[in-house]
Structure formats: C-alpha cells, structure tokens
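# Summary of structural features
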Amino acid sequence: MDIRSLSLDELTSQLILTGEKKFRAKQVYEWLWQKGARTFDEMTNLSLDLREKLKENYELPVVTLDKLQRSSDGTVKSRFRLHDGHLIESVLIPVVADDRFTVCVSSQVGCSLSCTFCATGRMKRLRNLTAAEIYDQVYLVNEQCLEIFGKPLTNIVYMGMGEPLLAFREVVGSIDRITSHTGLNMAPRRLTVSTAGIAKMIRKLADEDTKVNLALSLHAADDLKRNEIMPINETNNLEAIIESLEYFYEKTKKRIGFEYITFQDFNDSLEDAEQLYRICRRVPSMVNIIEYNPIDNAPFRKSSEHRIDDFATYLRDRGIMVTVRRSRGKDIDAACGQLANKA
C-alpha cells in the first residue's frame, strides 16, 4: 500500500493495530508531507523497529528528477520520472521583479482532450497522477526555487500536462495536502486550477469548497470555432460551461480567469473580442491573453503584436480586466501548450 494514500486518521488506526502509540502516526505524517521524506530511513526520530515495520507494510513511491532545463529568460523546466517509469513535466516561472515564483504542475500522464494547438494533447493519456505525485512536483520545484532564486514558491497553477478536472479526486487531494497546516500550508488563494471546460466537474469543484481560483482555457468565444480547436466543446458547449462558471462564482465569490490564446486570423479580430466581451459580462472575470507558442505540424500562427494590443484595448475600453502574457521558456519547450516530454 502507498502510505501517502492514507489519511492521518487511517494511518493512526493502522499503526495502533500494530502496537504503536498514537503520536507515532503524526510523526510519520509530518515526515511524509511537511519534511518531504523520500525514504523511511530518513525518518530519524522513529525507532529502527518502526522504520522496518513501515518498510514491510508500505510503499513510498516518489517522483524523481529526470532532466532539468533552464531558459534564457529564467524559466526552469523539470522532467520528472514517476515510480512506474512514466515521465511528466513541471515548469518554474520566476518573475523576480515582482517577487512572484509560480510552478505549473501536471495532473495526468499525457492528455485525452486532443486540443489541436497543444503538444500535450497529441499524447495518449496513460493515467492520472496521484495526489502525492502532484504534491511532489510542488515540493521539489519549491526546493529548486529556494536554491536558484533564494525564495519559495508563491503560486501554483494546475496548467501542465493533462486536464485537472478529469483527475478530480487526486487534484482535490493534492490541494488539501498543499494547503493544510499538516502539509505545505499554502494559502488556497495562491492556487489556480485550469480546465478546458467540463461543466459538471466545475460545479463539483465549487461544491468542494476548496477556496482555490478557477481558470477556463477558452481560446474561442463561439461554439463553431471552439469545436474546431477543442473537441471537448462538442459535449460541453459554451452555454453549459458559462452556466457552470456562474454557479462556481455564486458558491465561491471568486472571479473567473479566462485564458485566451490568440491565433492569427482565427480568433483575434475585434468581432472575436466582442464575443469574448459578451461572455465576460455574464460572470465576474478577468482575461489573460496568451501568445501562441508554435508546435510541430500545427496549422496556426502567432497573432501580431498590434492585433493582440487592439484586441486587449477593445476589452479594456469596455471595463474588462485584461493581462497580456508574453511567452516564457519557449527555447526549452516550456511555454504554454508545449509540454510533451521532448528531450
């Protein structure tokens, strides 16, 4: 059994059955979630007998660094190896001037959504990550951040490989451990879950009361265009998604983030901006306009600077909060949509 699949209460009950004192479970739990122990032998305040007992009864599968790449702009991409040999990627995005250090974590090995502009979408989804594997990405990248920049992580975004809401239970489990005082104790407002748009799971996330932020990878503001680039829209159309976002806001009072990659002559006209504006009127929100990062054999081109600026200005003039995000880590295939375990 993976020891990190147990809650503290479950671990306590199991250790008591083996004759251990209740407080030992808390010690073990602290080693697992606060101190980031990679082996049972690292748990030095436990007796040798208990450590051997843990080895006999439990597994402690951990994520290990397989390859690290550093971009000319400071972005750091980590390729991690899982216990079964699968590979995933995480990205550390530093904004040193603002003292902001964000990790973009993966939630699945591969992805099943097949978005046409995304390299990960061309990979087969092999499995969901466990809550512990998601947690390990955060823990290890936080160590990198401290080593490289002398500062801890300030933000976590579930925007890496995979669709977080299709790994729902494990994602929520990782959020619990990251935000808990028995884990990393990060404020929930520092976490953002990004989804391609699965209406019923957005509602379910609202009902979980995790207090995290929600971002929708929108990328087109009408169903015809969105169907063309994001097949998930055929079963979760914009009206259904927007209604679920309204529900999320009603339950959480948290502003929705719309992620919008602009593609030249596809979704970057002022008519497209008007359609996006109509959506933004439905629910309190902000828009992140993202530069397209080319991938092999994709039919899209990056929008020109002036098209992006005109698009953003159109929304701002109508009272919409807009940020234009310039790409980071393109030279190491670490930018948005580029994660695909390339060597």
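Residues numbered from 1 in each chain as written. Predicted model: local features only at pLDDT ≥ 70, side-chain atom pairs only at ≥ 80, totals over all residues. Heavy atoms only, no water.

Turning our eyes to something else, we now look at the overall build of the protein. For the protein, the helix and strand inventory stands at ten helices and twelve strands. Taken against the 2.2 N^0.38 rule, which gives 20 Å for 343 residues, the C-alpha radius of gyration of the protein at 21 Å falls within 12% of a compact globule. Projected onto its principal axes, the C-alpha coordinates of the protein cover approximately 70 × 40 × 35 Å. Within the protein, buried positions represent 55% of all 343 residues. Taking the contacts inside the protein whose residues are at least 6 apart along the sequence as the reference set, 64% of them involve residues at least 24 apart. On the protein, roughly 15,200 Å² of surface is accessible, and the fraction owed to carbon and sulfur atoms is 48%. Here the protein holds 48 positive side-chain charges and 49 negative ones, and the gap between their average locations is 2 Å. (Helix = DSSP H or I, 4+ residues; strand = E, 2+ residues; numbered from the N terminus. Rg over C-alpha atoms; globule rule 2.2 N^0.38 Å. Buried < 20%, exposed > 50% of the residue type's maximum accessible area, 1.4 Å probe, protein only. Contact = heavy atoms within 4.5 Å. Areas by Shrake-Rupley, 256 points an atom, 1.4 Å probe, with all protein chains shown as cover. Lys, Arg positive; Asp, Glu negative; His and termini not counted. Charge placed at Lys NZ, Arg CZ, Asp CG, Glu CD.)

As a further point, take the UniProt feature "binding site: S-adenosyl-L-methionine" (unreviewed entry) in the protein. The positions UniProt marks with the feature "binding site: S-adenosyl-L-methionine" (unreviewed entry) are Gly162, Glu163, Ser194, Ser217, Leu218, His219 and Asn293. Inspection of the secondary structure puts Glu163 in the loop between strand S7 (155-158) and helix H5 (168-179). Since its relative accessible area comes to 2%, Glu163 is described here as buried. Beyond its immediate stretch of four places on either side in the chain, Glu163 contacts Ser107, Gln108, Cys111, Leu113, Ser194, Thr195, Ala196, Gly197 and Ile198. Only 2.9 Å separates the side chain of Glu163 from the backbone nitrogen of Leu165, close enough to count as a polar contact. Turning to its location among the elements, Ser217 is positioned in strand S9 (residues 213-217). Once you skip the residues sitting within four places of it in the chain, Ser217 turns out to touch Ser194, Thr195, Ala196, Arg226, Met230 and Glu259. A distance of 3.3 Å separates a polar atom in the side chain of Ser217 from a polar atom in the side chain of Ser194. (UniProt positions renumbered as here; feature names shortened; annotations may be inferred. Polar contact = N/O pair within 3.5 Å; in protein donor to acceptor, adjacent residues only side chain to side chain.)

Okay, the sheet that holds S7 next. If you trace the ten strands from one edge of the open sheet to the other, you get S1-S2-S3-S4-S7-S8-S9-S10-S11-S12, paired in mixed fashion. Each end of this open sheet is capped by a strand with a single partner; those strands are strand S1 (64-70) and strand S12 (321-325). For this sheet, the mean inter-axis angle between neighbouring strands, taken without regard to orientation, is 20°. Bridging between strand S3 (residues 87-95) and strand S4 (residues 100-104) involves five bridges; their strand directions are antiparallel. Opposite Val91, over in S4, you have Cys104 as the bridge partner. Packing of helix H8 (residues 238-252) onto the sheet brings it into contact with S9 and strand S10 (256-262), and relative to S9 it is tilted by some 170°. (Pairing = 2+ DSSP bridges. Axes fitted to C-alpha atoms, helices over the stretch in contact; angles between N-to-C directions.)

Applying the stated criterion across every chain yields a total of 25 salt bridges. The salt bridge involving Lys77 is made with Glu89; its shortest N-O contact spans 3.4 Å. Of the two residues, Lys77 sits in strand S2 (residues 76-81) while Glu89 sits in strand S3, which places them twelve residues apart along the sequence. With relative accessibility at 2%, the residue Lys77 sits in the buried group. Judged by relative accessible area, Glu89 falls into the buried class, the value being 1%. (Salt bridge = Lys/Arg side-chain N within 4 Å of Asp/Glu carboxyl O.)

Here the focus is the pairing of S1. Within a regular beta strand, the side chains point alternately toward one face of the sheet and then the other, so they alternate between its two faces. Bridge count for S1 against S2 is six bridges, and the pairing is antiparallel. From the neighbouring strand, Leu65 faces S2, where its bridge partner is Phe80.

S9 sits mainly inside the fold: four of its five residues count as buried. Bridge analysis of strand S8 (residues 191-195) against S9 gives four bridges, and the strand direction is parallel. Counterpart to Val193 in the pairing with S9 is Leu214. Pairing analysis gives three bridges linking S9 to S10, with the strands arranged parallel. Bridge assignment links Ser217 to a residue of S10, and that residue is Glu259.

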